Amino acid sequence: MAKKFQKAFALFFFILTFFTVATNSVAAGTPLSSAGNTRPASLFAFGLTPANLRESNFPEENFPLPVGKSARSDTTLLYPGGVPFGVKFITEGVMVVGFCDVATKDKNVNPSLDAGLRQGDLILKVNDSELCGADELTSVVESCKGKPLKLLCRRDGKDYTTTLHPAYSAAEGRYKTGVYVRDSGAGIGTVTFIIPETFAFAGLGHGICDADSGKLIPMQRGTVADVTINGVVKGLPGAPGEVKGYFSSGKTGSLIGNTECGVYGVMTKLPASVPFDKPVPVGKRDEVQPGKAWLYCTLDVGGVCRYEIEISDIHRDSLSNKCFTVKVTDPALLEKSGGIVQGMSGSPILQNGKLVGAVTHVLINDPTTGYGIFIENMLNQMGDLAA
């Protein structure tokens, strides 16, 4: 089984997703109004979830533990999520996402490539001044009168400096750098769990990555907002589906971290749509077993529902976001979404009454199958927030 999935790795659709719904991507030296790249989160409504799957009908004996810590000091209790959340974030500096040649009077040139910039690099400072966004970079470039610009950049966690010589576009009558950058974004994902005492939370089970470079986005700050889910596009082999929704409130929390094993932050209060009256214990990696489990997610305005899945191919030593295989077996979920779809990233997985993980990936050629992450891996990324 392991060899099968290693061979098919290229077919996995990484990131289930915190799908981006609004980003600012511009060519430096180009007016922002003509270069925005925006994708709306609300498109259309679809579907109905059977009422008998709602948490209000779950057997009470499955979750008898009280709020807070259990009698065992090594047992953490968490509220499973399954509720959608929206994030709006600002990047640290601006991220390079692409390049475009500048047509000068004599020839086409690319000042950014000549300066050594690469896709995924961060531009943090220009002429020793901190860069606050794409708008500011555009302004600096267009007013530089062709003078060289000293850049402080970061690649793969290491800072470097370079000098960029803007080129004058004969057709547009202004100086340009030949680079596309991004400084912000927004999207929808699923909350995995919430810590009862502090309302600290984690979600997605994987990081928010740039769509163009595939690299983890370094965030300067981010806010959390409520989301209304009003439909789902069914996944098909070769065509992953997606959850549809829209931001429905103001700020309801803060996003603090973006890691390979998920995002985390703090909410102002426990969401009313959390499907459990009581928190449940964490299931450690050595407690996860092949076989039946439950996945919790929101696919319409009806709220969080649970669906049956099968866990297999468990890699107990994995510290990544692909720790075991998830197979959707519930007829209701297969009928509604075709299996795992974009927007379900972070949907909590419970087995034997314990929170053991979250869904993170889907197999492009088989939307009924995907990957999950151990809940321990997500907690470990939270640092002091999980203490």
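Only a predicted model underlies this, so the values are computations on that prediction, with no experimental measurement involved. (Residues numbered from 1 in each chain as written. Predicted model: local features only at pLDDT ≥ 70, side-chain atom pairs only at ≥ 80, totals over all residues. Heavy atoms only, no water.)

> Explain the overall build of the protein chain here, please?
Secondary structure summary: the protein chain contains five helices and 27 strands in total. Of all 387 residues assigned to the protein chain, the portion counted as buried reaches 55%. Summarising the internal contacts of the protein chain: among those between residues at least 6 apart in sequence, 73% fall at separations of at least 24. (Helix = DSSP H or I, 4+ residues; strand = E, 2+ residues; numbered from the N terminus. Buried < 20%, exposed > 50% of the residue type's maximum accessible area, 1.4 Å probe, protein only. Contact = heavy atoms within 4.5 Å.)

> Just to check I follow, could you spell out the pairing of strand S19 (residues 242–259) for this structure?
Successive residues of a regular strand alternate their side chains across the two faces of the sheet. Alignment of strand S18 (residues 219–233) against S19, held across 10 bridges, turns out to be antiparallel. Bridge assignment links Val 232 to a residue of S19, and that residue is Val 243. In this sheet, strand S20 (residues 262–267) lies alongside S19 in antiparallel orientation, the contact comprising six bridges. Note that in S20 the partner of Gly 257 across the bridge is Tyr 264. (Pairing = 2+ DSSP bridges.)

> In this structure, what is going on with the layout of surface pockets? I would like to understand it.
Take a probe with the size of a water molecule and roll it over the atoms, and the empty space left behind shows itself. Size it by volume and the second largest pocket reaches roughly 380 Å³. In this structure, the second largest pocket is lined by 23 residues; those nearest its centre are Pro 84, Asp 226, Val 227, Pro 271 and Ser 273. Only strand S7 (84–99) and S18 provide two or more residues apiece to the lining of the second largest pocket. For the lining of the second largest pocket, the element with the highest residue contribution is S18, accounting for six residues. Each residue belonging to the lining of the second largest pocket can be placed in one class, and the counts come to 14 nonpolar, six polar and three charged. (1 Å grid on protein atoms, 1.4 Å probe; cavity = no way out; pocket = protein on both sides within 12 Å on 5 of 7 lines; lining within 4 Å. Points joined across faces, edges and corners; volume = space filled by probe spheres on them. Nonpolar A, V, L, I, M, F, W, Y, C, P; charged D, E, K, R; others polar.)

> Before we go on, may I ask you to explain empty space enclosed by the protein in this structure?
Enumeration over the complete set of coordinates arrives at three cavities of 30 Å³ or more. Counted as a void, the largest cavity has a volume near 40 Å³. Lining of the largest cavity is provided by Leu 117, Ile 123, Leu 137, Val 141, Leu 149, Leu 151, Leu 164, Thr 177 and Val 179. Broken down by secondary-structure element, the contributors of at least two residues to the lining of the largest cavity are helix H3 (134–142) and strand S12 (149–155). Class assignment of the residues belonging to the lining of the largest cavity gives a composition of eight nonpolar, one polar and no charged.

> Looking at this model, I keep getting lost on the confidence of the model for the protein chain. Mind explaining?
Detailed reading of the predicted coordinates is not advisable wherever pLDDT falls low. Of the residues in the protein chain, 80% have a pLDDT of 70 or more, and the chain-wide mean is 80. When mean pLDDT is taken per element in the protein chain, strand S25 (residues 348–351) scores highest with 98 and strand S5 (residues 37–38) scores lowest with 21. Here residues 1–73 scores under 50 on pLDDT; set against residues more than four positions off or in separate chains, the count is 213 contacts. (pLDDT = per-residue confidence, 0-100.)

> Please explain the pattern of salt bridges as it appears in this structure.
In a structure, side chains of opposite charge can pair up when their charged atoms sit close to one another. Considering all chains together, one arrives at 12 salt bridges under this definition. Among the ionic pairs, Asp 121 bridges to Arg 155, the shortest N-O distance being 2.8 Å. Placement of the pair is Asp 121 in the loop between helix H2 (111–114) and strand S10 (122–126) and Arg 155 in strand S12, with a sequence separation of 34 residues. With its nearest N and O atoms 3.5 Å apart, the salt bridge here joins Lys 150 to Asp 128. One end of the pair, Lys 150, is in strand S12; the other, Asp 128, is in the loop between S10 and strand S11 (129–130), with 22 residues separating them in the sequence. (Salt bridge = Lys/Arg side-chain N within 4 Å of Asp/Glu carboxyl O.)

> For this particular structure, what's the right way to read H3?
Residue pairs spaced three or four apart in an α-helix point in one direction, given the helix's 3.6 residues per turn. Among the residues of H3, Ala 134, Leu 137, Thr 138 and Val 141 are the ones counted as buried. The buried residues of H3 occupy one face: seen down the axis, they fall within an arc of 100 degrees. (Arc of directions from axis to C-beta.)

> Could you clarify how one ought to interpret unusual backbone geometry in this entry?
Positive phi values are uncommon outside glycine, yet Asp 156 reaches one of about 55 degrees. In this fold, Asp 156 is placed in the loop between S12 and strand S13 (158–164). The exposure class of Asp 156 is exposed, given its relative accessible area of 64%. The residue Leu 204 is not glycine, and still its phi comes out positive at about 70 degrees. Within the element layout of this structure, Leu 204 appears in the loop between strand S17 (200–203) and S18. Leu 204 sits in the buried class, given a relative accessible area of 0%.

> Whenever I open this one, the side chain of Thr 369 confuses me. Can you help?
Looking at the element boundaries, Thr 369 is found in strand S27 (residues 366–374). Residue class for Thr 369 comes out buried when judged on its relative accessible area of 5%. At 3.4 Å, the side chain of Thr 369 and the side chain of Thr 368 are in polar contact. (Polar contact = N/O pair within 3.5 Å; in protein donor to acceptor, adjacent residues only side chain to side chain.)

> I would appreciate a short explanation of the pairing of S18 in the present structure.
Here six bridges tie S7 to S18, and the two strands are oriented antiparallel to one another. Note on S18: the bridge partner recorded for Val 87 is Val 224.

> Help me understand the side chain of Glu 242 in this model?
On the secondary structure map, Glu 242 appears in strand S19. In this structure Glu 242 comes out as buried when scored by relative accessible area, which is 10%. Of note is the side chain of Glu 242, whose polar atom sits 2.3 Å from the side chain of Lys 244.

> Can you walk me through the packing of aromatic side chains in this structure?
Counting across every chain of the model gives four aromatic pairs. Ring geometry for Phe 85 against Phe 201: centres 5.6 Å apart, planes inclined by 70 degrees, an arrangement best described as edge-to-face. On the criterion of sequence distance, the pair formed by Phe 85 in strand S7 and Phe 201 in strand S17 is long-range, its members being 116 residues apart. Judged by relative accessible area, Phe 85 falls into the buried class, the value being 1%. Look at Phe 276 and Tyr 296: their rings are 5.2 Å apart centre to centre, the planes differ by 55 degrees, and that puts the pair in the tilted class. Residue Phe 276 is located in the loop between S20 and strand S21 (280–281), and its partner Tyr 296 is located in strand S22 (residues 291–298); the two are separated by 20 residues in the primary sequence. Each member of the pair Phe 276 and Tyr 296 is classed as buried. Its guanidinium or amino end placed over the ring of Trp 294, Arg 306 lies 3.8 Å from that ring's centre, counting from NZ or CZ. (Phe/Tyr/Trp six-rings, centres within 6.5 Å; stacked < 30°, edge-to-face > 60°. Lys NZ or Arg CZ within 6 Å of the ring centre and 35° of its normal.)

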